Amino acid sequence: MKLRKNTGPAVSRRSALAGAAEFCGRLLAAAWRACFARDMRSRLPDFAGIFLRAGAQAVPVTMLVGFLLGFIIAYMSAAMLNKFGAEIYVADLIGLSLVKELGTIVAAIVLAARSASAFAAEIGTMVVNDEISAMRTMGIDPVGYLALPRIAAGALALPLLSLFADLAGLAGGYLTLSLFGYSAKVFLANAFEFCAAGDLVTSLAKGLVFGAAISAAGCRCGLETGRGADAVGKSTTAAVVTSLVLFIAMDGMFALLLSASGA
Amino acid sequence: MGEEREIALETVGLDAGYGAAAVQRDVNLSIARGEIFVLLGGSGCGKSTVMRTMVGLQPPLRGCVKLFGETFAEAGTEPDETPPLLRRIGVMFQNGALFGSKTLLENCAVPFQTLPARPRAEIDEICMDKLRAVGLAAFAGHYPSQISGGMQKRAAIARALVLDPDILFLDEPSAGLDPVTSAELDDLILEIRDRRRMTVVMVSHELASIFAVADRAAFFDRETHSTLDVGAPAALRDSSPHPAVRAFFGRRSAKRKDDT
Ligand SMILES: Nc1ncnc2c1ncn2[C@@H]1O[C@H](COP(=O)(O)OP(=O)(O)O)[C@@H](O)[C@H]1O
Ligand SMILES: [Mg+2]
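Below or above, wherever it landed, is the structure these notes cover. (Residues numbered from 1 in each chain as written. Chains lettered and ligands numbered in written order. Predicted model: local features only at pLDDT ≥ 70, side-chain atom pairs only at ≥ 80, totals over all residues. Heavy atoms only, no water.)

This paragraph deals with the nonpolar core. One finds Leu39(B), Leu67(B), Ile167(B) and Phe169(B) to be the most contacted residues of the largest nonpolar core, which totals 76 residues. At 11 residues, the largest contribution of residues to this core is made by helix 4 (residues 89-128) of chain A. When near neighbours in sequence (up to four residues on either side) are disregarded, Leu67(B) contacts Ala8(B), Leu9(B), Phe72(B), Leu85(B), Ile89(B) and Ile167(B). Formed by 47 residues, the second largest nonpolar core is a distinct cluster that contains Leu104(B), Ala140(B), Leu161(B) and Phe219(B). (Core = buried A, V, L, I, M, F, W, Y, C linked by side-chain atoms within 4.5 Å. Buried < 20%, exposed > 50% of the residue type's maximum accessible area, 1.4 Å probe, protein only. Helix = DSSP H or I, 4+ residues; strand = E, 2+ residues; numbered from the N terminus. Contact = heavy atoms within 4.5 Å.)

Rendered as structure tokens:
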């Protein structure tokens, strides 16, 4: 913890990258300390509450978006492939793209929009209200106390949400194919033809990392909140934008790495 | 002041401010243990900023802050991670700064997190004691949003007192309180000082309160960014060479007393 770090305006003279690196360093230090903390049990209700809001309560909207995406992609593809009598390949397309990418993307967008913003607003309000300053005078590290449980909750929530998005997307895809007269049995038999269990594991692991990154971006924007009436609004907006850009950059990097390693 | 005067807080050539701009320059204060010291000055002159620098929230732009003879914050040095001296101070912020998601009792229990584990019941007992002292025992289960602004301030004082600090910092504790509550607060401040020889550094505008509790006061000026005068409130009122200081105490207390 940098106790006497300037809490002034969010715009600092340091480069954004140096600031982000410093935040990551503080985060790792806080995580390390948390591993040896005596009463992590007392922090459990905190974590559970955040997880409930960021994860469980996001299930309906995640499924809605997932379903819509699955349905639209399947419908558009089926309309094309129908010309070659190959619309059953829609099942393969849907299964593969959801499990490998789209499920995670839907969950990430939902997490950024619902929770990164909420984290920034909650923590930003605490900054404006001097609650963070009060914490620091008590010798409590705001990064460990506020950011860490939120990041853990986000990391856990995103992979689970992506599973719900996958399920809903498959349902949307099946709805399309049922319009073309295919049975559920045939749909399911084809949907996972090109996916291996390894694909699912990879995408869940990716989700874990993205969930942590999105939540971390939200928390950091909150902690960097400046002064004035519009400060919290600004950091909320910054949280959504930063976390989405960060997610897309990381997803691109993952794709490069995975293709380089031949997966 | 005798030889026995034990210094609790000292600022040496302290410049307090944000970024490059000093809000107050060259603050040299030496506050004794058991003293109640008031920071005075017009609104926006930097009282809160000086206090934030004293408690280590803002890095000094120049000079240093010493607590009990140990350097606590110094310009240009990389600060400690968690200075042990933090344990010895309690801070009440201008708006209370209670944690909105916690009840008053839970708010008071937060500072215990940095200490070795203790039974929950024991912590609750101590917290209830402090809440009782500020007259809020009946509201222990309330959230900050469910009580009035004045009550929030008192709860914040209870939270600042919960670890029995050696120095208590209060930023405008009595602003916005009714006269009776304000007088009760003065009594409370005097009592905790007398009981534990606690040092109190506070920002206040309330003349009645200043005369009731303060041993000494420092007057900050907004235009010159400097400390105009330091002394006992009555001395500042009656014999400060600075018109701004006398004007601050003016009319209500100084002139009326002169007339009689
Ligand atoms: N976080 C901050 N960043 C930059 N300037 C600040 C900050 N907080 C206060 N100021 C400025 O510092 C000056 C002194 O503020 P403050 O210490 O709050 O005054 P007081 O408590 O005496 O009313 C004001 O001009 C205010 O605008
Ligand atoms: Mg102030």
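This part is about the site of ligand 1. Surveying the vicinity of ligand 1 reveals the residues Arg227(A), Tyr18(B), Val23(B), Ser43(B), Gly44(B), Cys45(B), Gly46(B), Lys47(B), Ser48(B) and Thr49(B). Near ligand 1, the surrounding residues are drawn from chains A and B. One of the side-chain N or O atoms of Tyr18(B) is found 3.1 Å from a nitrogen atom in ligand 1. Between ligand 1 and Gly44(B), the relevant distance is 2.7 Å, taken from an oxygen atom to a main-chain nitrogen or oxygen of the residue. Here ligand 1, which alone exposes 570 Å², has 70% of that area covered by the protein. (Near = heavy atom within 4 Å. Polar contact = N/O pair within 3.5 Å; in protein donor to acceptor, adjacent residues only side chain to side chain. Areas by Shrake-Rupley, 256 points an atom, 1.4 Å probe, with all protein chains shown as cover.)

A separate point is the pattern of salt bridges. Residues and elements named next belong to chain A. In this structure the tally under the stated criterion is 24 salt bridges over all chains. Put simply, Arg-150 and Glu-122 hold a salt bridge, and the shortest N to O gap is 2.7 Å. Of the two residues, Arg-150 is situated in helix 6 (residues 142-179) and Glu-122 in helix 4; the sequence distance between them amounts to 28 residues. Judged by its relative accessible area of 9%, Arg-150 falls in the buried class. By relative accessible area, which is 25% here, Glu-122 ends up partly exposed. For Arg-220, the salt bridge goes to Glu-224, with nearest N and O atoms at 4.0 Å. A network of salt bridges, in which partner residues are shared, links Arg-53, Glu-122 and Arg-150. (Salt bridge = Lys/Arg side-chain N within 4 Å of Asp/Glu carboxyl O.)

Once that is clear, we can look at the coordination of the magnesium ion (ligand 2). All names here are of chain B. Around the magnesium ion (ligand 2), the protein supplies Ser-48 (OG) and Gln-94 (OE1) as donor atoms, at distances of 2.0 to 2.5 Å. Of this pair, Ser-48 sits in helix 1 (residues 47-54) while Gln-94 sits in the loop between strand 6 (89-92) and helix 2 (104-109), and the two are 46 residues apart along the sequence. Taking relative accessible area as the criterion, Ser-48 reaches 22% and is therefore assigned partly exposed. A relative accessible area of 35% places Gln-94 in the partly exposed class. (Donors = N, O, S within 2.8 Å, 3.2 Å for Na, K, Ca; no water.)

Turning our eyes to something else, we now look at the packing of aromatic side chains. All names here are of chain B. For the structure shown, the criterion picks out eight aromatic pairs over all chains. On the basis of an interplanar angle of 80° and a centroid distance of 5.5 Å, the ring pair of Phe-248 and Phe-249 is categorised as edge-to-face. Among the residues examined, Phe-248 registers a relative accessible area of 21% and is labelled partly exposed. Among the aromatic residues, those joined into a cluster by ring pairs are Phe-211, Phe-219, Phe-248 and Phe-249. When the ring centre of Phe-68 is taken as origin, the NZ or CZ atom of Arg-88, which lies over that ring, is 3.8 Å away. Over the ring of Phe-99 we find Arg-159; its NZ or CZ atom is 4.7 Å from the centre of that ring. (Phe/Tyr/Trp six-rings, centres within 6.5 Å; stacked < 30°, edge-to-face > 60°. Lys NZ or Arg CZ within 6 Å of the ring centre and 35° of its normal.)

Attention shifts here to the state of the cysteines. Per the counting criterion, the structure on display carries zero disulfides over all chains. Lacking any disulfide linkage, Cys24(A) is separated from the closest cysteine sulfur, that of Cys219(A), by 12 Å. According to the relative accessible area criterion, Cys24(A) is partly exposed, its value standing at 43%. Of all cysteine sulfurs, the one in Cys108(B) lies closest to Cys127(B), which takes part in no disulfide; the gap is 5.2 Å. (Disulfide = S-S within 2.5 Å.)

With that out of the way, let us pick up a nonpolar patch on the surface. Residues and elements named next belong to chain A. There is a patch of nonpolar side chains on the surface, built from Leu-156, Leu-160, Leu-163 and Leu-200 and spanning about 280 Å² of accessible area. Residue placement: Leu-200 occurs in helix 8 (residues 197-223). With a relative accessible area of 31%, Leu-200 lands in the partly exposed category. (Patch = residues over 30% accessible without salt bridge, like charges linked within 9 Å, V, L, I, M, F, W, Y side chains within 5 Å.)

This part is about helix 1 (residues 16-35) of chain A. All names here are of chain A. An ideal rise of 1.5 Å per residue puts 28 Å on 20 residues; helix 1 measures up with 29 Å between its terminal C-alpha atoms. Along helix 1, the residues classified as buried are Gly-19, Phe-23, Arg-26, Leu-27, Ala-30 and Ala-34. The arc enclosing the buried residues of helix 1, seen along the axis, measures out at 105°, which places them on a common side. Of the exposed residues in helix 1, the ones pointing more than 90 degrees away from its buried face are Leu-17, Leu-28, Trp-32 and Cys-35. The elements touched by buried residues of helix 1 are helix 6 and helix 8. (Expected span 1.5 Å × (residues − 1). Arc of directions from axis to C-beta.)

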